[in-house]
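Single-letter residue listing:
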Amino acid sequence: MERLFAGLSDTGVVRKSNQDAYHIDKPAGRFVVVADGMGGHAGGQEASQIATQAIRQYLETSWGESVDPEALLREALVQANQSILENQKEHPERSDMGTTVVVVIFPENESPWCAHVGDSRLYRYRNEELVQLTEDHTWIAQAISAGMLDADQAREHPWRHVLAQCLGREDLSRIDIQPIDLQAGDRLLLCSDGLTEELSDDLILKYLNATVPLEEASETLVEAAKEEGGQDNITVILVESQHN
């Protein structure tokens with residue numbers, strides 16, 4: 001299956017700097033990465049860039065070896081976590097920095113696989129329906145799962161940004177990894193929470209319309225999030241699986 005890619009990152013309306021990072025493996029198209037850093041201006045920016053670079057280097061180096069996709073992704077994120085921890089030790093002023101991350105790899109002749117930590121998300125658009133494929137590693141997501149809150153309450157809750165897991169922690173205990181069912185005509189959306197904080201899934205679905213080219217769709221999503229407030233950095237990657 002052939003794939004098209006588009007990516008865009010924007011500081012947003014309120015923030016002074018962009019602490020998000022992303023990477024599209026062009027021209028090979030083997031993997032894509034979105035990371036959303038935290039821990040102050042320098043720390044957050046550093047953490048997301050360190051993670052993205054570490055994942056990129058590990059996947060490029062290990063690609064083609066006889067390693068199964070799940071093990072490949074797990075080690076890539078473990079390496080990224082270790083790289084951030086090492087940087088924290090070298091720069092104590094960044095000791096609280098961390099980052100969320102979502103990665104999708106496209107092994108040859110196999111289904112794609114996804115790994116994520118935190119609340120950066122992966123969605124699949126198919127036949128005019130949008131499905132969130134990742135589960136946020138947040139206090140809010142845990143509260144919804146436990147029946148303590150519903151989705152409407154969660155959107156306004158003051159703890160909605162509290163992460164249960166991120167890269168840059170000695171106690172990293174959860175890396176979610178899964179295969180992805182991807183068919184010709186599907187679109188994947190990887191994004192930081194700067195998009196999903198401003199746009200509901202219904203609005204994302206509206207702007208992800210399959211008749212709109214990927215570059216235009218990514219620009220429309222970012223601009224729509226800015227029009228809704230743009231309180232945070234906004235990063236999106238779109239992937240379209242094409243008929244051969």
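This text follows the structure it describes.
Just so it is clear, the structure is predicted and the values come from calculations on it, not from any experiment.

**With respect to the pairing of strand β5 (residues 113-117)**
Of all five residues making up β5, five are buried, and the element is well covered by its neighbours. When strand β4 (residues 98-105) meets β5, the two strands line up antiparallel, connected through five bridges. The residue of β5 that forms the bridge with Val-103 is Ala-115. Alignment of β5 against strand β8 (residues 176-179), held across four bridges, turns out to be antiparallel. Bridge assignment links Trp-113 to a residue of β8, and that residue is Pro-179.

**Focus: the sheet that holds strand β9 (residues 187-191)**
Taken in spatial order, the five strands line up as β1-β10-β9-β6-β7 in an open sheet, and their pairing is antiparallel. Only two strands of the sheet have a single partner each, and these edge strands are β1 (2-10) and β7 (129-132). Along the sheet, successive strands turn relative to each other by an average axial angle of 20°, direction set aside.

**Structural notes on the packing of aromatic side chains**
Per the stated rule, a full pass over the model turns up two aromatic pairs. Between Phe-31 and Trp-63, the ring centres sit 6.5 Å apart and the planes meet at 40°, which makes this aromatic pair tilted. Of this pair, Phe-31 sits in strand β3 (residues 31-38) while Trp-63 sits in the loop between α1 (40-62) and α2 (69-90), placing them 32 residues apart in sequence. Residue classification places Phe-31 among the buried positions, given a relative accessible area of 0%. For Trp-63, a relative accessible area of 25% corresponds to the partly exposed category.

**Concerning the pattern of salt bridges**
According to the stated counting rule, one finds 13 salt bridges in the structure shown. For the salt bridge of Arg-187 with Glu-240, the shortest nitrogen-to-oxygen distance reads 2.7 Å. Here the residue Arg-187 occupies a position in strand β9, and Glu-240 occupies one in strand β10 (residues 234-242), the gap between them amounting to 53 residues. Judged by relative accessible area, Glu-240 falls into the buried class, the value being 16%. Here the residues in one salt-bridge network are Asp-10, Glu-223 and Lys-226, joined through shared partners.

Rules of the game
- Along every chain, residues carry numbers that run from 1 in the direction the sequence is written.
- Residues qualify for local features only when their pLDDT is at least 70, as the model is predicted, and side-chain atom pairs are given and counted only at 80 or more; totals for whole chains, interfaces and linings, by contrast, use all residues.
- Values shown for side chains rest on all heavy atoms present in the structure; no hydrogens or waters enter the calculation.
- Burial classes: relative accessible area under 20% of the type maximum marks a residue as buried, over 50% as exposed, and values in between as partly exposed (1.4 Å probe, protein chains only).
- A helix here means a DSSP run of H or I that spans at least four residues, while a strand means a run of E at least two residues long, and both kinds are numbered starting from the N terminus.
- Between any two strands, at least two bridges found by DSSP are needed for them to pair.
- Axes here mean lines fitted to C-alpha atoms, for a helix over just the part in contact, with angles spanning 0 to 180 degrees between N-to-C directions.
- Two rings belonging to Phe, Tyr or Trp (six-membered ring only in the last case) form a pair when the distance between their centres is within 6.5 Å. Interplanar angles under 30 degrees mark stacking, angles over 60 mark edge-to-face geometry, and anything in between is tilted.
- By convention in these notes, a salt bridge is any Lys or Arg side-chain nitrogen within 4 Å of a carboxyl oxygen on Asp or Glu.

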